[in-house]
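Here is how the chains run, residue by residue.
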Amino acid sequence: MANTKNTKQKARVYIDGANLFYAQKHLGWFIDWKKIIKLLNKKLDILEIKYYTGIKANDEKMKDYLSYLRKINFKTITKPLKIIKNKDGSTIYKSNCDIEIAIDMLLDESSYDTVVLLSGDSDFVYLIKILQKQFQKKVWIVSSRKTISWEIKIAADYYQFLEDIKGQIKRT
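Description of the structure in this document. Source: prediction; values computed, not measured.

### Digging into the environment of Leu69
Thought 1: Counting through the fold element by element, Leu69 comes out in helix 3 (residues 60–71).
Thought 2: It is 9.5 Å that separates the C-alpha atoms of Leu69 and Lys50, two residues lying 19 residues apart in sequence.
Thought 3: Contact partners of Leu69, with chain neighbours within four places excluded, come to Trp33, Tyr51, Phe74 and Thr76.

### Overview of the packing of aromatic side chains
Thought 1: The full count for this structure, using the stated rule, is seven aromatic pairs.
Thought 2: Judged by centre distance (5.8 Å) and plane angle (70°), the rings of Trp33 and Phe74 are edge-to-face. Taken together, the residues span a long stretch of sequence, with Trp33 in helix 2 (residues 33–43) and Phe74 in strand 3 (residues 74–80) at a distance of 41 residues.
Thought 3: Classification of Phe74 by relative accessible area gives buried; the value is 4%.
Thought 4: Ring centres of Tyr159 and Phe161 lie 5.3 Å apart, and the angle between their planes is 65°; this geometry places the pair in the edge-to-face category.
Thought 5: Through pairs of rings, three or more aromatic residues link up here, namely Trp33, Tyr51, Tyr65 and Phe74.
Thought 6: When the ring centre of Tyr93 is taken as origin, the NZ or CZ atom of Lys56, which lies over that ring, is 4.5 Å away.

### A word on the side chain of Gln132
Thought 1: When you line up the elements, Gln132 lands in helix 5 (residues 125–135).
Thought 2: Leaving out residues up to four positions away in the same chain, Gln132 has contacts with Lys137, Val139, Ala155, Ala156 and Asp157.

### A word on the sheet that holds strand 8 (residues 158–161)
Thought 1: If you trace the six strands from one edge of the open sheet to the other, you get 3-2-1-6-7-8, paired in parallel fashion. Two strands lie at the open edges of the sheet, namely strand 3 and strand 8, each paired on one side alone. Ignoring which end each strand starts from, the neighbouring axes of this sheet average 20° apart.
Thought 2: Across the sheet, helix 2 is in contact with strand 1 (9–16), strand 2 (44–55), strand 3, strand 6 (114–118), strand 7 (138–143) and strand 8; its angle to strand 2 comes to roughly 145°.
Thought 3: Its contacts with the sheet place helix 4 (residues 98–108) against strand 1, strand 2, strand 3 and strand 6, and it is angled at close to 165° to strand 1.

### Re helix 5
Thought 1: Those residues of helix 5 not exposed but buried are Val125, Leu127, Ile128, Leu131 and Gln132.
Thought 2: For helix 5, the secondary structure elements touched by its buried residues are helix 4, strand 6, strand 7 and helix 6 (150–155).
Thought 3: Within two residues after helix 5, Gln136 carries a phi angle of roughly 55°, on the positive side.

### Considering helix 2
Thought 1: All buried positions along helix 2 are accounted for by Trp33, Ile36, Ile37, Leu39 and Leu40. Along the long axis of helix 2, the arc covered by the buried residues comes to 165°, so they all point the same way. Facing away from the buried side of helix 2 by more than 90 degrees, the exposed set consists of Lys34, Lys38 and Lys42.
Thought 2: Here helix 2 starts with a cap whose side-chain oxygen sits 3.0 Å from the backbone nitrogen of Lys34, and that cap is Asp32.

Quick notes on the rules
Residues numbered from 1 in each chain as written. Predicted model: local features only at pLDDT ≥ 70, side-chain atom pairs only at ≥ 80, totals over all residues. Heavy atoms only, no water. Helix = DSSP H or I, 4+ residues; strand = E, 2+ residues; numbered from the N terminus. Contact = heavy atoms within 4.5 Å. Phe/Tyr/Trp six-rings, centres within 6.5 Å; stacked < 30°, edge-to-face > 60°. Buried < 20%, exposed > 50% of the residue type's maximum accessible area, 1.4 Å probe, protein only. Lys NZ or Arg CZ within 6 Å of the ring centre and 35° of its normal. Pairing = 2+ DSSP bridges. Axes fitted to C-alpha atoms, helices over the stretch in contact; angles between N-to-C directions. Arc of directions from axis to C-beta. Polar contact = N/O pair within 3.5 Å; in protein donor to acceptor, adjacent residues only side chain to side chain.

By themselves, these observations are geometric and do not establish any function.
What follows is the structure, encoded as structure tokens:
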């Protein structure tokens with residue numbers, strides 16, 4: 001008799017912190033990370049969640065936030081924010097952890113069946129195609145309608161809009 005037990009796919013979750021921060025800002029509400037973990041665990045066997053972000057020196061608020069994420073079993077990967085001076089004298093801070101996310105996804109590939117990427121950034125499309133074609137991985141994207149690129153929607157095996165699960169994941 002065939003085994004009819006439905007086994008969950010092993011998955012790793014990678015969160016583009018800067019991308020998700022701006023998505024939440026556009027939405028006007030914030031994600032409760034415990035709720036999103038619970039939701040993902042209903043469908044997948046989550047092995048690990050990694051959160052990537054840039055951090056300013058002496059940013060105590062961000063350090064506290066990252067400490068909270070570690071308490072709920074996220075692995076946090078950080079690097080210093082890049083400071084860019086504009087010609088008009090203004091300063092912007094930039095954080096791009098795309099290469100760190102890409103390398104970790106490739107280094108971890110033997111341990112998962114499905115990868116969940118919380119980002120709408122089209123820079124990940126080439127990586128997604130490699131994971132699918134070369135390693136036969138499924139790729140789930142979680143992002144906002146306002147910040148997801150059309151290229152990543154086409155490349156992904158599955159995508160979920162934050163707006164559609166707001167009631168299940170919104171921080172109250």
